[in-house]
Amino acid sequence: MLTANKLMPQGRGLAPVLLKRAATIELDWDVRQKSRFDATDSQGRQIGVFLPRGTLVRGGDVLVAEDGSLVRVIAAPQPVLRITHCTAHGTPFDLTRAAYHLGNRHVPIELKPDHLKIEPDHVLADMLRSMHLIVVAVEEAFEPEGGAYGSHEHSHSHDHGHSHDHGHPHAHGSGPKPLVLAPELLDDHDGHGHDHGHGHHGHSH
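Cut-offs and rules
Residues numbered from 1 in each chain as written. Predicted model: local features only at pLDDT ≥ 70, side-chain atom pairs only at ≥ 80, totals over all residues. Heavy atoms only, no water. Helix = DSSP H or I, 4+ residues; strand = E, 2+ residues; numbered from the N terminus. Contact = heavy atoms within 4.5 Å. Areas by Shrake-Rupley, 256 points an atom, 1.4 Å probe, with all protein chains shown as cover. Core = buried A, V, L, I, M, F, W, Y, C linked by side-chain atoms within 4.5 Å. Buried < 20%, exposed > 50% of the residue type's maximum accessible area, 1.4 Å probe, protein only. Pairing = 2+ DSSP bridges. Axes fitted to C-alpha atoms, helices over the stretch in contact; angles between N-to-C directions. Salt bridge = Lys/Arg side-chain N within 4 Å of Asp/Glu carboxyl O. Arc of directions from axis to C-beta.

1. Here's the deal with the overall build of the protein chain
Broken down by element type, the protein chain carries five helices and ten strands. Pairs at least 24 residues apart make up 68% of the contacts formed inside the protein chain by residues separated by at least 6 positions. Summing over all exposed atoms, the protein chain offers an accessible surface of approximately 12,400 Å²; the carbon and sulfur share of this is 56%.

2. Details of the nonpolar core
Grouped together as the largest cluster of nonpolar side chains are 16 residues, with contacts concentrated most on I83, L102, L116, I118, L128 and L133. Of all elements in the fold, only β7 (78–85), α3 (93–104), β9 (116–118), α4 (122–130) and β10 (133–140) reach the threshold of two or more residues within this core. Ignoring any residue separated from it by four or fewer positions in sequence, one finds I118 in contact with V80, L81, I83, L102, V107, P108, I109, L124, L128 and F142. A4, I47, V49 and V57 belong to the second-largest nonpolar core, a separate cluster that totals 15 residues.

3. So, the sheet that holds strand β3 (residues 36–40)
What the six strands build is an open sheet, ordered β2-β6-β5-β1-β4-β3; its pairing is mixed. With one partner strand each, in any of the chains shown, β2 (23–27) and β3 form the two edges of the open sheet. Across the sheet, the mean angle separating the axes of adjacent strands is 35 degrees when strand polarity is ignored. Bridge count between β3 and strand β4 (residues 46–50): five bridges; the pairing is antiparallel. The residue of β4 that forms the bridge with T40 is Q46.

4. What about the pairing of strand β6 (residues 70–75)?
Summarising the sheet, β2 and β6 pair through five bridges and their orientation is parallel. Following the sheet pairing, L27 is matched in β6 by A75. Bridge analysis of strand β5 (residues 62–65) against β6 gives three bridges, and the strand direction is antiparallel. The residue bridging V64 from the neighbouring strand is L70, located in β6. Taking the residues between adjacent antiparallel strands as the criterion, β5 and β6 are bridged by four residues, where G68 takes a positive phi near 90 degrees.

5. Some words on the pattern of salt bridges
With the rule as written, the count across this model stands at eleven salt bridges. The closest approach of N and O atoms between D94 and R97, which form a salt bridge, is 3.1 Å. Within this pair, D94 and its partner R97 are both found in helix α3, separated by three residues, close to a single helical turn. Several salt bridges converge on common partners, so that one network encompasses R82, E110, K112, K117 and E140.

6. Regarding α4
Along α4, the positions that sit buried rather than exposed are L124, A125, M127 and L128. For α4, the angular spread of the buried residues around the axis is 160 degrees, confining them to a single face. Residues of α4 that are exposed and angled more than 90 degrees away from the buried face: H122 and V123. Tucked inside the fold, the buried residues of α4 contact β7, α3, β9 and β10. Phi turns positive, to about 70 degrees, at H132, one or two residues after α4.

Here it is in structure tokens:
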């Protein structure tokens, strides 16, 4: 069994030709969130992976084996719930509210501009449908957020060498402006009740 104890996030720094020639390994999220696991690559080799604790392996990452060979990780399709807002009875903001409630329950979530993905859970699915969201069971790769401090693909510095005041009149000495939230953002139901009787919109969500 080969041992791999080095991870190159997204294969950065490697020549494209090396990535193309590399063996591949398909792993679902249950395995990729572990720092120690065994797997078989596309060349039939048994790979024992030993990474620093807390390391998350993402699709596109490259493992470096002890013999110097490369193994490119593919996020394997797996059962997930795909969550979208209802264009007939809701707004895209419903997804923001859904992410908030799921985050409160410490549920791993993959965030996309137009949808969310979570692992299958019928209780959460029912909760989301009651919030006027469309929930569909699909088989897709799952790449949940890794947290503000734990996701290696966002580890680059955000210090761009400039301030963000851009000449704002309150930027020098007058203190920050108070944050004012629009009333509709404070209403957990976005101004519409759950009694409009659309019967979950008549489609299978």
